[in-house]
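# Working through the structure, step by step
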Amino acid sequence: VMIEPLLLCTRMYTTNMAGVIIKETLQNAIDSVRGILGGGKIRISVNSITDTVVIEDDGIGMSPDTATDEFLDIAGSFKQEGDSGKFGLAKVAFLASAEHFELVTVFEQKVPVKDALLNLFSTRDAQLAPGRYRTVISGSAAEWLNLKLKPKTERVSDDVPTGTKLSIKVSERFDPKWVWAEIYMDKFFADNRTGAEVEFWQVEYGHDRKETRRSTP
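A brief structural summary. What you see is a predicted model; the values in this text were computed from it and never measured.

Here we take up the overall build of the chain. Assigned secondary structure in the chain consists of seven helices and eight strands. Burial analysis of the chain (217 residues in total) assigns 45% to the buried set. About 11600 Å² of surface is accessible on the chain, with carbon and sulfur atoms providing 54% of the total.

Next up, the structure:
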């Protein structure tokens, strides 16, 4: 994979990086909580002082294979327009702009290995016995672009809740223009009907703002 074409993707989204980050990560969080009893919960925290954003959900989480495909398969990021439930070119943009990012996701493997026909072509998942697993992918944009990152997966207690947390610290070389995050969330709260409980926090210079609204199906 050539680095320059990937950085070109970043430049394509520079004028609205904050909106891109919020839109892409929120949509994937919504996909994760879809079907959760009660609609699921999503929390978005934006800190314009430190140029960080954290998106958390209590959805189904991602298996090791899914997390690897979504965050480490750069070539696979060039998805077709209209694909849902996956990150695409916008992911290339915001991860390439990250000084540091960390993905922590917990999912439950329910299919016994001996019956894992659905996992036939998913070698990492097929090796997992039933239970809950935490996968962590963490590093910088440089490490990501140079294919230096590796996922770390471990078995966790069954009382550890499933879900995903993605933290992104945008490099000082980029101006994410966080006002676009607020603009996008205003539109989301006005138009979206996911049924999920979405909490949006903003931390600015000397001012905290919290909004919690439930969209209705």
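Structure shown, so let's carry the discussion forward.
Moving on: the pairing of strand E1 (residues 41-47). Two elements, E1 and strand E2 (residues 52-57), share six bridges in a ladder whose sense is antiparallel. Across the sheet, residue Ile-42 finds its bridge partner in E2, namely Asp-57. The loop that links E1 with its antiparallel partner E2 comprises four residues; one of these, Asp-51, has a positive phi angle of about 55°.

What follows is about the nonpolar core. One finds Ile-42, Ile-44, Val-53, Phe-101, Trp-144, Ile-168 and Met-185 to be the most contacted residues of the largest nonpolar core, which totals 42 residues. The element contributing the most residues to this core is helix H2 (residues 17-33), with nine residues.

For the rest of this paragraph, the subject is helix H7 (residues 179-191). Look at H7: 19 Å from first C-alpha to last across 13 residues, which is about the 18 Å you get at 1.5 Å a residue. Of the residues making up H7, those classed as buried are Ala-181, Met-185, Phe-188 and Phe-189. Seen along its axis, H7 keeps its buried residues to an arc of 95°; they face one direction.

Quick look at the pattern of salt bridges now. Under the counting rule described, the total for this entry stands at six salt bridges. Here Glu-199 makes a salt bridge to Arg-43, at a shortest N to O gap of 2.6 Å. A residue pair is termed long-range when its members are at least 10 positions apart, and Glu-199 in strand E7 (residues 197-204) and Arg-43 in strand E1 qualify at 156 residues. Given a relative accessible area of 17%, Glu-199 falls into the buried group. In this structure, the salt-bridge partner of Asp-191 is Lys-187, at a minimum N-O distance of 3.3 Å. Note that Asp-191 and Lys-187 are positioned in helix H7 at a spacing of four residues, about one turn of the helix. Residue Asp-191 is classed as partly exposed on the basis of its relative accessible area, which comes to 46%. Taking the relative accessible area as the measure of exposure, Lys-187 reaches 52% and is therefore exposed.

Turning to the packing of aromatic side chains, a few remarks are in order. Inspection of the entire model under this criterion finds three aromatic pairs. Look at Phe-71 and Phe-101: their rings are 6.4 Å apart centre to centre, the planes differ by 25°, and that puts the pair in the stacked class. Placement of Phe-71 in helix H3 (residues 64-71) and of Phe-101 in strand E3 (residues 98-109) is noted, with a sequence separation of 30 residues between them. On the basis of relative accessible area, Phe-101 is assigned to the buried category, the value being 0%. Each ring, one from Phe-107 and one from Tyr-133, has its centre 6.5 Å from the other, and the planes form 35°; the classification is tilted. Within this pair, whereas Phe-107 is found in strand E3, its partner Tyr-133 is found in strand E4 (residues 131-139), the two being separated by 26 residues in sequence.

Here we come to the side chain of Ser-63. In this structure, Ser-63 sits in the loop between E2 and H3. On the basis of relative accessible area, Ser-63 is assigned to the buried category, the value being 7%. Separated by 3.1 Å, the side chains of Ser-63 and Thr-66 make a polar contact.

The N-to-C vectors of H2 and H7 enclose an angle of 40°; their axes lie 7 Å apart at closest approach. Here H2 is positioned oblique relative to H7, judged by the angle of their axes. Here the hand of the crossing between H2 and H7 comes out right-handed. Between H2 and H7, the residues in contact are Ala-18, Gly-19, Ile-22, Lys-23, Leu-26 and Ile-30 and Trp-180, Ala-181, Tyr-184, Met-185 and Phe-188, respectively. Residue composition of the contact of H2 with H7, grouped by class: nine nonpolar, one polar and one charged.

About the cut-offs
Residues numbered from 1 in each chain as written. Predicted model: local features only at pLDDT ≥ 70, side-chain atom pairs only at ≥ 80, totals over all residues. Heavy atoms only, no water. Helix = DSSP H or I, 4+ residues; strand = E, 2+ residues; numbered from the N terminus. Buried < 20%, exposed > 50% of the residue type's maximum accessible area, 1.4 Å probe, protein only. Areas by Shrake-Rupley, 256 points an atom, 1.4 Å probe, with all protein chains shown as cover. Pairing = 2+ DSSP bridges. Core = buried A, V, L, I, M, F, W, Y, C linked by side-chain atoms within 4.5 Å. Expected span 1.5 Å × (residues − 1). Arc of directions from axis to C-beta. Salt bridge = Lys/Arg side-chain N within 4 Å of Asp/Glu carboxyl O. Phe/Tyr/Trp six-rings, centres within 6.5 Å; stacked < 30°, edge-to-face > 60°. Polar contact = N/O pair within 3.5 Å; in protein donor to acceptor, adjacent residues only side chain to side chain. Axes fitted to C-alpha atoms, helices over the stretch in contact; angles between N-to-C directions. Parallel < 35°, antiparallel > 145°, perpendicular 65-115°, else oblique. Left-handed = near helix turned anticlockwise from the far one by under 90°. Contact = heavy atoms within 4.5 Å. Nonpolar A, V, L, I, M, F, W, Y, C, P; charged D, E, K, R; others polar.

Just geometry here; none of it tells us what the structure is for.
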